[in-house]
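Tertiary structure, described
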Amino acid sequence: SLFCKKQMSLNSNMKVCSIIVSLLLSVCDGFLVSQLHGKRQRVASTLTALAVDESRAGKQITRRGVFQIASIPVGASLFAPQSALAVDQGNLDDLPPQAARSYLQYRLPLQMGADYYLWTLQEKIKDTNDWGEIGELFQTNSARSGGQPNKIERDFTNPMRILGLSLPEEYGEKLRESQFKFEKAMAEITKATAGVRRDLPVEIEKNAEKNALDAWDNGRVALNEFFVTLNEATGLTEMKTIPPSGPNQSKEYGRSERKYLDLMKVTKLCQNRGGPTLSAAWGNLMVSGTVQDSCGIAGALEGYFHQ
């Protein structure tokens with residue numbers, strides 16, 4: 001009888017213990033789920049804050065980095081490898097906020113300007129029938145354009161000037177020196193090609209063609225120096241320099257002429273349909289950091305830059 005009583009007591013205690021353990025496991029599960037949900041919420045809030053207000057976070061994030069972060073599911077971000085969230089920013093974090101912001105806004109227009117300099121302007125200089133169009137690149141008709149800068153100012157010298165003033169003085173001085181060399185070369189091109197038009201027969205001076213090509217090459221060297229200093233300042237190798245003239249020039253450049261021509265064709269068609277010109281899209285990019293997308297080209301520009 002005594003033995004049976006002890007067994008019943010033991011079984012009762014085991015049931016109580018089992019109930020207690022079940023309750024504890026339920027509480028722990030709820031706590032862990034709550035913690036996981038809280039971590040997900042905090043990660044989502046952190047990523048949103050970084051993308052919306054980079055200056056308040058004290059770090060600069062490239063647009064490519066923001067797009068990459070935005071495309072990662074919140075749940076997956078907790079367990080993703082560090083490399084999935086890492087974005088190569090070079091020395092951007094070490095630069096003043098305004099300097100890094102200016103670089104991110106102007107790198108695309110400047111590289112596309114270099115593409116134009118190589119594949120369009122060089123060809124126009126080689127053909128004297130196109131010299132009238134070259135002259136128009138340097139003209140600003142205030143009555144017609146509302147005082148807007150000409151193409152050379154908009155695509156080259158204005159971005160160069162802003163970057164030269166934004167970056168620390170150790171780089172800014174070099175950038176301004178390269179800018180002045182470039183402006184001098186553009187003045188030489190203007191002088192060499194002045195007065196020559198397809199519909200206005202004039203005698204071309206003996207050395208005019210050589211002077212124009214020499215001036216183009218001086219501008220190429222100055223632009224390359226500017227890009228090299230930018231790469232040095234940012235710790236990146238994004239800005240591609242233009243090789244000297246020659247049969248393998250495009251190949252050595254490492255960027256696609258076909259992609260450049262396709263982009264020019266798409267933007268021209270968009271402009272003919274009443275959409276914004278590429279220069280207008282660039283202007284919005286420089287001011288707000290965004291690109292007008294009525295032409296459907298905004299998504300392609302990042303890939304176009306990183307070739």
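Located above this text is the structure these notes cover.
Since we're looking at a predicted model, the values are computed, not measured.

For the rest of this paragraph, the subject is the packing of helix α6 (residues 97-126) against helix α13 (residues 257-272). One can describe the packing of α6 onto α13 by two numbers: an axis separation of 11 Å at closest approach and a directional angle of 105 degrees. Considered as vectors, α6 and α13 are oriented roughly perpendicular to each other. On α13, the residues that touch Met112, Asp115, Tyr116, Trp119 and Thr120 of α6 are Glu257, Tyr260, Leu263 and Met264. In terms of residue class, the contact of α6 with α13 is made up of 6 nonpolar, 1 polar and 2 charged.

Moving on to the packing of helix α9 (residues 151-166) against helix α10 (residues 169-193). Close contact between α9 and α10 brings their axes to 8 Å; oriented N to C, the two are set at 160 degrees. On the basis of their axis angle, the class for α9 and α10 is roughly antiparallel. The crossing of α9 and α10 is left-handed. Every residue of α10 that contacts α9 at Ile152, Phe156, Thr157, Met160, Arg161, Leu163, Gly164 and Leu165 is listed here: Gly172, Leu175, Arg176, Ser178, Gln179, Phe182, Glu183 and Met186. Considering only residue class, the contact of α9 with α10 consists of 8 nonpolar, 5 polar and 3 charged.

What counts, and where the lines are drawn
Residues numbered from 1 in each chain as written. Predicted model: local features only at pLDDT ≥ 70, side-chain atom pairs only at ≥ 80, totals over all residues. Heavy atoms only, no water. Axes fitted to C-alpha atoms, helices over the stretch in contact; angles between N-to-C directions. Helix = DSSP H or I, 4+ residues; strand = E, 2+ residues; numbered from the N terminus. Parallel < 35°, antiparallel > 145°, perpendicular 65-115°, else oblique. Contact = heavy atoms within 4.5 Å. Nonpolar A, V, L, I, M, F, W, Y, C, P; charged D, E, K, R; others polar. Left-handed = near helix turned anticlockwise from the far one by under 90°.

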